[in-house]
Amino acid sequence: YQRRVHGRVRHLKARIDVWQFCIKFGTSCGLIEEQLGLLNFAIISLRSCSSFFKILGIILHTGNALNHNTDRVAKGFSVSELPSVVTVKSVNGQSTLLEFVVSHVYYHSPKLTEFLDQLKPLAAIRSISRKDLMEQINALLEGLQRLEELVKKVQCDDDPLGETLVLSLKAFSEVATPRLETLQRSFAVTSQELTALGEFFGEKKEDFDETQFFSTIWGFSCSFQKAYQSLVDHKERLKRREQRKKEKEELAAKEREKLDANESSSKHGVAQQPKAEGEQREQREQQRGQWIEHKREAQQTDQSVATEVNPGPVVKAVAGTVIPAMAGTVVDLHGPAAQGLAKGYPHLHLMYSLTGSSLPNIDRLTSSSSPEK
């Protein structure tokens, strides 16, 4: 069956190749255009990145400072020498030239780290080269050339079905040819920009490899970013450590103040305690003296009452206090005996009248000799 089809359809293999080319043409052109766009954007980003140029200047001045008074003082260096900045170490081997540059940028020019963001487009073009783009464009040109050859072959054949194929291929060629020409012009412009970029950085035209060039710059940017971030993290750790130390010192100071306050209050309390006990003792002695004086006065009052008042039957108060009875006896209410009686027995309530020489009325008193009041 395949032999019969192959025998009936002329130029079958060429037709299949052309149809595959037509199917893939749009995708291939789009991929090349995208890569050219990335290259152009990377070239513009690198040419306009002033912060990166200043970083290179710091590296150059640092190297010249290290090579002072030698014949190795330079006016510039190649981009291909950037990896040595990462590997060159100090005499003691504890730091590198890159770490010194990063430290200088961190303390003096932190804004120069902007180049890390400006050079991010370089990450997408590390695998793009003019050689690969030229090969892809040449493959499209060859495919378009095979299409034109097939059109000529079909037109020469006496095949009525070939007219439809010719019309289709010519319509495709009318669209593909201008697009491919535009693609060629874009590639030529990008190629010139790449050559100018290499010359701008002092690279030799015959030795300039844009893929290696962009990869070197991007690798240096990654190393710089890693070293800078490491320094920032180290400073943050030191800052947090100092903050914790300060908090501990403040806490210890507060604890010391609290202990000092407690000790001061304890000493003050110990000093005040004897004084308070002495005051209480003095107060108790004073109260005891008053009680003794009060008792002495009461005894004197009893003796005075016994001399001024005739003894009579004993009268018992409800509270149980024993006093001489005053029944049938006139008592001078303004005399010392009555006043002593009032002082000596304050718990008795004597209800009396101060009119004339009448006797006082003593309530709730019972006589041991008479049940009358």
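The structure this text deals with has already been given above.
Residues numbered from 1 in each chain as written. Predicted model: local features only at pLDDT ≥ 70, side-chain atom pairs only at ≥ 80, totals over all residues. Heavy atoms only, no water.

## A closer look at the pattern of salt bridges
Under the criterion given, the structure shown has 4 salt bridges. Close ionic contact of D17 with K13 constitutes a salt bridge, the shortest N to O distance being 3.4 Å. Of the two residues, D17 and K13 both sit in helix 2 (residues 12-47), 4 residues apart, roughly one turn of that helix. As a salt-bridge pair, R130 and E210 come within 3.2 Å of each other at their nearest N and O atoms. Placement of R130 in helix 7 (residues 130-156) and of E210 in helix 9 (residues 210-308) is noted, with a sequence separation of 80 residues between them. When its relative accessible area of 5% is taken as the criterion, E210 is described as buried. (Salt bridge = Lys/Arg side-chain N within 4 Å of Asp/Glu carboxyl O. Helix = DSSP H or I, 4+ residues; strand = E, 2+ residues; numbered from the N terminus. Buried < 20%, exposed > 50% of the residue type's maximum accessible area, 1.4 Å probe, protein only.)

## Some remarks on the packing of helix 2 against helix 7
Where helix 2 contacts helix 7, the axes come no closer than 9 Å and their chain directions differ by 150°. As judged from the angle between their axes, helix 2 and helix 7 are roughly antiparallel. With respect to the hand of their crossing, helix 2 and helix 7 are arranged in left-handed fashion. Partitioning the contact of helix 2 with helix 7 into residue classes produces 17 nonpolar, 4 polar and 2 charged. (Axes fitted to C-alpha atoms, helices over the stretch in contact; angles between N-to-C directions. Parallel < 35°, antiparallel > 145°, perpendicular 65-115°, else oblique. Left-handed = near helix turned anticlockwise from the far one by under 90°. Nonpolar A, V, L, I, M, F, W, Y, C, P; charged D, E, K, R; others polar.)

## Observations regarding the nonpolar core
In this structure, L46, F52, F213, F214, F220 and F224 are the most contacted members of the largest nonpolar core, which totals 60 residues. Among the elements that take part in this core, helix 2 stands out by supplying 11 residues, more than any other. Setting aside residues up to four positions removed in sequence, F52 forms contacts with L46, L82, F115, L119, F201, I217 and F220. (Core = buried A, V, L, I, M, F, W, Y, C linked by side-chain atoms within 4.5 Å. Contact = heavy atoms within 4.5 Å.)

## Observations concerning a negative patch on the surface
Residues E242, E247, E249 and E250 make up a contiguous surface patch of negative charge. For E249, the location among the structural elements is in helix 9. (Patch = residues over 30% accessible without salt bridge, like charges linked within 9 Å, V, L, I, M, F, W, Y side chains within 5 Å. Areas by Shrake-Rupley, 256 points an atom, 1.4 Å probe, with all protein chains shown as cover. Lys, Arg positive; Asp, Glu negative; His and termini not counted. Charge placed at Lys NZ, Arg CZ, Asp CG, Glu CD.)

## Comments concerning the packing of helix 7 against helix 8 (residues 162-200)
Packing of helix 7 against helix 8 leaves a shortest axis separation of 9 Å and a crossing angle of 160°. Taken together, the axis directions place helix 7 and helix 8 in an arrangement best described as roughly antiparallel. Helix 8 is crossed by helix 7, and the crossing has left-handed handedness.

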